[in-house]
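Each chain, letter by letter, is given below.
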Amino acid sequence: QCPLLGPIIVDVCGCMVMDNLAPPVFEPTAQPTPEPTAVPTPQPIGTAGCPAVPTTGCSVCGEGVCVSLPDAIFEFQDQPSVTCSSLEEAGLNGEILLAQCPLLGPIIVDVCGCMVMDNLAPPVFEPTAQPTPEPTAVPTPQPIGTAGCPAVPTTGCSVCGEGVCVSLPDAIFEFQDQPSVTCSSLEEAGLNGEILLAQCPLLGP
């Protein structure tokens, strides 16, 4: 019934655009910008029996694992043969791309005898689990009222019309076969969704 009230009560209730401002605009709540997290620079850590791995190099056998057969010969297609000790040294010196190091471990583990030197157990290569991204909660936009007018929720309406509100709250509105009501009560009924949205535009003019 809200749209029907505006055209009828416009003179009685003094429906006016307060401050001549634009109709309310629903704006989403701004998301805070996350602060960048500083990543500490890793320091070279040596496993007992294994050489320390500098930050610019890598262990060809894998993290915490090293070559136990230094004189063994590693051969790979279209590449020159090389001893396992030379291959390990190349990794530690940064001569092998860091992105390629994890690919070597599963290939050379048997030939070079890659071992965890504390217990002489061969390493277990497992795929790195990718973290599941947390769902981002989308904030519910809050209604923003026009200056001087109450905010209009999405479930209600302004009986005076969009961006317009009652300026004579104590005035009495009377309509045929309906009980008399103050303009403020009529406006409150519209905001609370007690008047059908389709009837609201008919009340303002």
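What counts and how
Residues numbered from 1 in each chain as written. Predicted model: local features only at pLDDT ≥ 70, side-chain atom pairs only at ≥ 80, totals over all residues. Heavy atoms only, no water. Phe/Tyr/Trp six-rings, centres within 6.5 Å; stacked < 30°, edge-to-face > 60°. Buried < 20%, exposed > 50% of the residue type's maximum accessible area, 1.4 Å probe, protein only. Helix = DSSP H or I, 4+ residues; strand = E, 2+ residues; numbered from the N terminus. Arc of directions from axis to C-beta. Contact = heavy atoms within 4.5 Å. pLDDT = per-residue confidence, 0-100. Polar contact = N/O pair within 3.5 Å; in protein donor to acceptor, adjacent residues only side chain to side chain. Disulfide = S-S within 2.5 Å.

**A closer look at the packing of aromatic side chains**
Considering all chains together, one arrives at one aromatic pair under this definition. Relative to Phe76, the ring of Phe74 has its centre 6.2 Å away and its plane inclined at 15°; by these criteria the two rings are stacked. A relative accessible area of 8% places Phe74 in the buried class. Residue class for Phe76 comes out partly exposed when judged on its relative accessible area of 40%.

**Looking at helix α4 (residues 183-191)**
Where α4 is concerned, the buried positions are Cys183, Leu186, Glu187, Ala189, Gly190 and Leu191. Trailing α4 by a residue or two, Gly193 shows a phi angle of about 80°, which is positive.

**Looking at helix α3 (residues 101-108)**
At 3.6 residues per turn, the α-helix brings residues three or four places apart onto the same side. For α3, the complete set of buried residues consists of Cys101, Leu104, Gly105 and Ile108. Around the axis of α3, the buried residues are gathered within 110° of arc, so they sit on the same side. Turned more than 90 degrees away from the buried face of α3 sit Pro102 and Leu103, all of them exposed. If you follow the buried residues of α3, they end up packed against β1 (73-74) and α2 (84-92).

**What about the confidence of the model for the protein?**
Of the residues in the protein, 75% have a pLDDT of 70 or more, and the chain-wide mean is 77. Across the protein, strand β2 (residues 82-83) holds the top mean pLDDT of 94, while helix α1 (residues 6-9) sits lowest at 75. With pLDDT under 50 throughout, residues 21-26 is counted as low confidence; its partners more than four residues away or in other chains account for 15 contacts. In this model residues 41-46 is a low-confidence stretch, pLDDT under 50, and it forms 10 contacts with partners more than four residues away in sequence or in other chains.

**With respect to the side chain of Ser158**
As for its placement among the helices and strands, Ser158 is situated in the loop between α3 and β3 (172-173). Classification of Ser158 by relative accessible area gives buried; the value is 12%. A polar contact of 3.0 Å, which involves the side chain of Ser158, links it to the backbone oxygen of Gly161. A polar side-chain atom of Ser158 sits 2.6 Å from the main-chain carbonyl oxygen of Val164. Residues contacting Ser158, with those up to four places away along its chain left out, are Val152, Val164 and Cys200.

**Digging into the side chain of Glu88**
On the secondary structure map, Glu88 appears in helix α2. Of note is the side chain of Glu88, whose polar atom sits 3.1 Å from the backbone nitrogen of Val67. The residues touching Glu88, leaving out its near neighbours within four places in the chain, are Pro51, Val60, Cys66 and Val67.

**Let's talk about the state of the cysteines**
Throughout the structure, instances matching the rule amount to six disulfides. Covalent S-S linkage joins Cys61 and Cys114, the inter-sulfur distance amounting to 1.9 Å. Taking the torsion about the S-S bond as the criterion, the Cys61 to Cys114 disulfide, at about -70°, is left-handed. Of the two residues, Cys61 sits in the loop between α1 and β1 while Cys114 sits in the loop between α3 and β3, which places them 53 residues apart along the sequence. Taken individually, Cys61 and Cys114 each receive the classification buried, so the pair is uniform in this respect. Paired by a disulfide, Cys149 and Cys165 hold their sulfur atoms 2.0 Å apart. One quick way to see it: the torsion about the S-S bond of Cys149 and Cys165 is about -70°, and its sign makes the bridge left-handed.

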